[in-house]
Structure formats: structure tokens, C-alpha cells
Amino acid sequence: MADTAPDISVVIPCYNEEAILWSSVTELHAGLKAMGRSFEILISENGSKDDTRAIADKLSRSLPEVRAITSDEPNYGKALRRGIEAATGKYVICEEIDLCDLDFHRRALAVLDAGEADLVVGSKAHRDAKDERPLTRRAATKVINGLLRVFLGFQGTDTHGLKAFVRERLLFTVDKCVVDKDLFASELVIRAARYQVRVTEIPIQIHEKRPPSIHLFKRVPNVLKNLAKLVYVVRIRNR
């Protein structure tokens, strides 16, 4: 890793991703190299039961721009938060290991470079997006977005997934977030709008490389619990 801070930090939460981790990160690394901007890739492994942690460590030894951080608890939100807090780049890109969408990187960075926004959300639900996920996954996105609109006044079309932002402009927002797991990413977007961070959405194309590492319906109890907590903190306590 260079002594000077990189231009871009890419944060990737990973849980039980041994099948695709090596190929996804090396392909992403090559694509970022070709862009000609300084970068780091942070693999935020969390509680994997397979060889994900060992592969992440090997990648960090093999590629100087890659760093691996680990935690023992399977928790997407905490892993994402830890990666953001550990990032040193001017811009942070929150990625998904089954996407690694360089087209999103280019388009989002163009928006940030032009000073048109502080946070760019890659929306799966945008009218110009192309979401190739199974019907149940697309329906789940609509349901959670609907709940966020009703209970928290969310005005956009999507909160979870790809994001790019000016790191210094979002650190205050990250620090104020109170939930984790699947809803941390949603809280980050909702709070950003509340704190008058300039947020914009761009459509993305979604074609996942593998099924979700955690079954969709196993997520429901935690999503509802964290939604209730978020509504209480934001709506009732006004924090």
C-alpha cells in the first residue's frame, strides 16, 4: 500500500464467499488498475464458516492494494460499517462480491468528480434499471422500500447495495447510524437525506453470480426488528 491515501476505497462485505471471492476480487483489481486511479480494496469478512477468511488473507498478501479485515459475527451491516471506517480514500464505493460493477464505479465517480452529489446510490428499482434477480428477491426489494417510505419517509427508490460517496461528507452520518445487519445500508441513505447530504440515484443492471449467502426469509426477523428500532430512534426520539 502506498504511503499516500488512495483516491478510491472499495469496501466489500463477505460471508461464506469462498467460491467466488478470488476471481471476483482479482477481476475487480484488474479493472480498477485499468481505470488509472489509485485505489484500495477492503475485504470485510464477517463470521464465515468456509475458507473466505483464508482467501481474503491470501489476496491481501498477493495484491498490495487489497486489505482484509475480519470479525467473528456474521453481520453485513457491521462488516460494511467497519470497512467504511477503515477506508482511507477520498471516495468510498460500497460493493457486493457477487456484483463488482465497474460500470457503476465509472458513472458514480463521474458524478462525484463533477461535484453533483456527495452520495450516489445504485438503484435496482429505478425505472431505467435492469434487475435480473429472481422474482422473490425483486419483490423483497419493493416491500422493504415500501416500508421505509411509509414508516421513515424515504423518498428514493432503493437503499441497499451499491453506493459511492465522498468519505468525509458521510463519516458523520455513519457515526450516527444505530442499526446493523441488513438495514445499516438503508439507515445510511435515509440519514444522509435527513442531514442534507446531496444524494442522487443512478440505475444499475443486476445479474448476480450466485444465490444469496443467507436465505432471504431468514433475514425477515432481523429486518423487522431493526426497522422497529430505526422508527423509534428517528421518528419518536428524533435522533
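Structure shown above.
Reading guide: rules and limits
Residues numbered from 1 in each chain as written. Predicted model: local features only at pLDDT ≥ 70, side-chain atom pairs only at ≥ 80, totals over all residues. Heavy atoms only, no water. Buried < 20%, exposed > 50% of the residue type's maximum accessible area, 1.4 Å probe, protein only. Helix = DSSP H or I, 4+ residues; strand = E, 2+ residues; numbered from the N terminus. Polar contact = N/O pair within 3.5 Å; in protein donor to acceptor, adjacent residues only side chain to side chain. Core = buried A, V, L, I, M, F, W, Y, C linked by side-chain atoms within 4.5 Å. Contact = heavy atoms within 4.5 Å. Pairing = 2+ DSSP bridges. Axes fitted to C-alpha atoms, helices over the stretch in contact; angles between N-to-C directions. Phe/Tyr/Trp six-rings, centres within 6.5 Å; stacked < 30°, edge-to-face > 60°. Lys NZ or Arg CZ within 6 Å of the ring centre and 35° of its normal. Right-handed = clockwise from strand over helix to strand, strands pointing away. Expected span 1.5 Å × (residues − 1). Arc of directions from axis to C-beta.

S.K.: Is there a simple way to explain helix α3 (residues 76–86) in this structure?
M.R.: Helical geometry note: an α-helix holds 3.6 residues per turn, so side chains three or four residues apart project in the same direction. Listed as buried for α3 are Tyr-76, Gly-77, Ala-79, Leu-80, Arg-81, Gly-83 and Ile-84. Of the residues that open α3, the one with a side-chain oxygen 3.2 Å from the backbone nitrogen of Gly-77 is Asn-75.

S.K.: Could you clarify how one ought to interpret the nonpolar core in this entry?
M.R.: When a protein is soluble and globular, its nonpolar side chains tend to lie buried together. If you look at the biggest cluster of nonpolar residues, it comprises 36 residues, and the most contacted ones within it are Leu-21, Ile-41, Ile-43 and Phe-104. Among the elements of the structure, β1 (8–14), α1 (21–35), β2 (39–46), α2 (52–62), β4 (91–94), α4 (102–113) and β7 (163–166) are those that each provide at least two residues to this core. The element contributing the most residues to this core is α4, with six residues. Setting aside anything within four residues of it in sequence, one finds Phe-104 in contact with Ile-93, Val-120, Val-121, Gly-122, Leu-162, Lys-163, Ala-164, Ile-202 and Ile-204. One finds Tyr-76, Leu-119, Leu-183 and Val-231 within the second-largest nonpolar core, a separate group that totals 32 residues.

S.K.: Hey, could you run me through the environment of Val-220 in this one?
M.R.: Within the element layout of this structure, Val-220 appears in helix α8 (residues 220–236). The spacing of Val-220 and Lys-209 is 11 residues in sequence and 23 Å in space, taken between C-alpha atoms.

S.K.: What should I look at first to understand the sheet that holds strand β8 (residues 199–203) in this one?
M.R.: What holds strands together in a sheet is hydrogen bonding between their backbones, with the strands either parallel or antiparallel. Strand order in the open sheet formed by seven strands is β3-β2-β1-β4-β7-β5-β8, and the pairing between neighbours is mixed. The open sheet has two free edges, formed respectively by β3 (66–71) and β8, since each of these has just one partner strand. Pairs of neighbouring strands in the sheet enclose a mean axial angle of 20 degrees, with direction left out of account. Where β2 meets β3, six bridges bridge the pair, whose relative direction is parallel. Within β3, the residue paired with Asn-46 across the bridge is Ser-71. Against the sheet, α2 makes contact with β1, β2 and β3, and its axis sits at roughly 150 degrees relative to β3, the strand it touches most.

S.K.: What should I look at first to understand the packing of aromatic side chains in this one?
M.R.: Between two aromatic rings, the relevant description is the distance of the centres plus the angle of the planes. In this structure the tally under the stated criterion is one aromatic pair. Taking the centre distance of 5.3 Å and the plane angle of 65 degrees together, the rings of Phe-172 and Tyr-195 count as edge-to-face. In this pair, Phe-172 sits in helix α6 (residues 167–176) while Tyr-195 sits in the loop between α7 (184–194) and β8, placing the two residues 23 residues apart along the sequence. We classify Tyr-195 as partly exposed; its relative accessible area is 27%. Lying across the ring of Trp-22, Lys-58 places its NZ or CZ 5.3 Å from the centre.

S.K.: I'm lost on the pairing of β2 in this one. Help?
M.R.: Look at any regular strand and the pattern is simple: side chains alternate between the two faces of the sheet. For β2, the tally of buried residues reaches eight of eight residues, placing the bulk of the element in the interior. Here β2 shows two buried faces, one formed by Phe-39, Ile-41, Ile-43 and Glu-45 and the other by Glu-40, Leu-42, Ser-44 and Asn-46. Both β1 and β2 contribute to a ladder of seven bridges, which runs parallel. Note that in β2 the partner of Ser-9 across the bridge is Glu-40. The handedness of the β1 to β2 crossover, carried by α1, is right-handed. Following the chain from β2 across α2 to the adjacent parallel β3, one finds a crossover that is right-handed.

S.K.: I would appreciate a short explanation of helix α5 (residues 135–152) in the present structure.
M.R.: Its 18 residues place the ends of α5 25 Å apart at the C-alpha level, agreeing with the 26 Å of an ideal helix rising 1.5 Å per residue. Every buried residue of α5 is accounted for by Arg-137, Thr-141, Ile-144, Asn-145, Leu-148 and Leu-152. Around the axis of α5, the buried residues are gathered within 100 degrees of arc, so they sit on the same side. With respect to the buried face of α5, the exposed residues turned more than 90 degrees away are Leu-135, Lys-142, Val-143 and Val-150. Of the surrounding elements, those touching the buried residues of α5 are α7 and α8. Just downstream of α5, Gly-153 is the residue with a positive phi angle, here 70 degrees.

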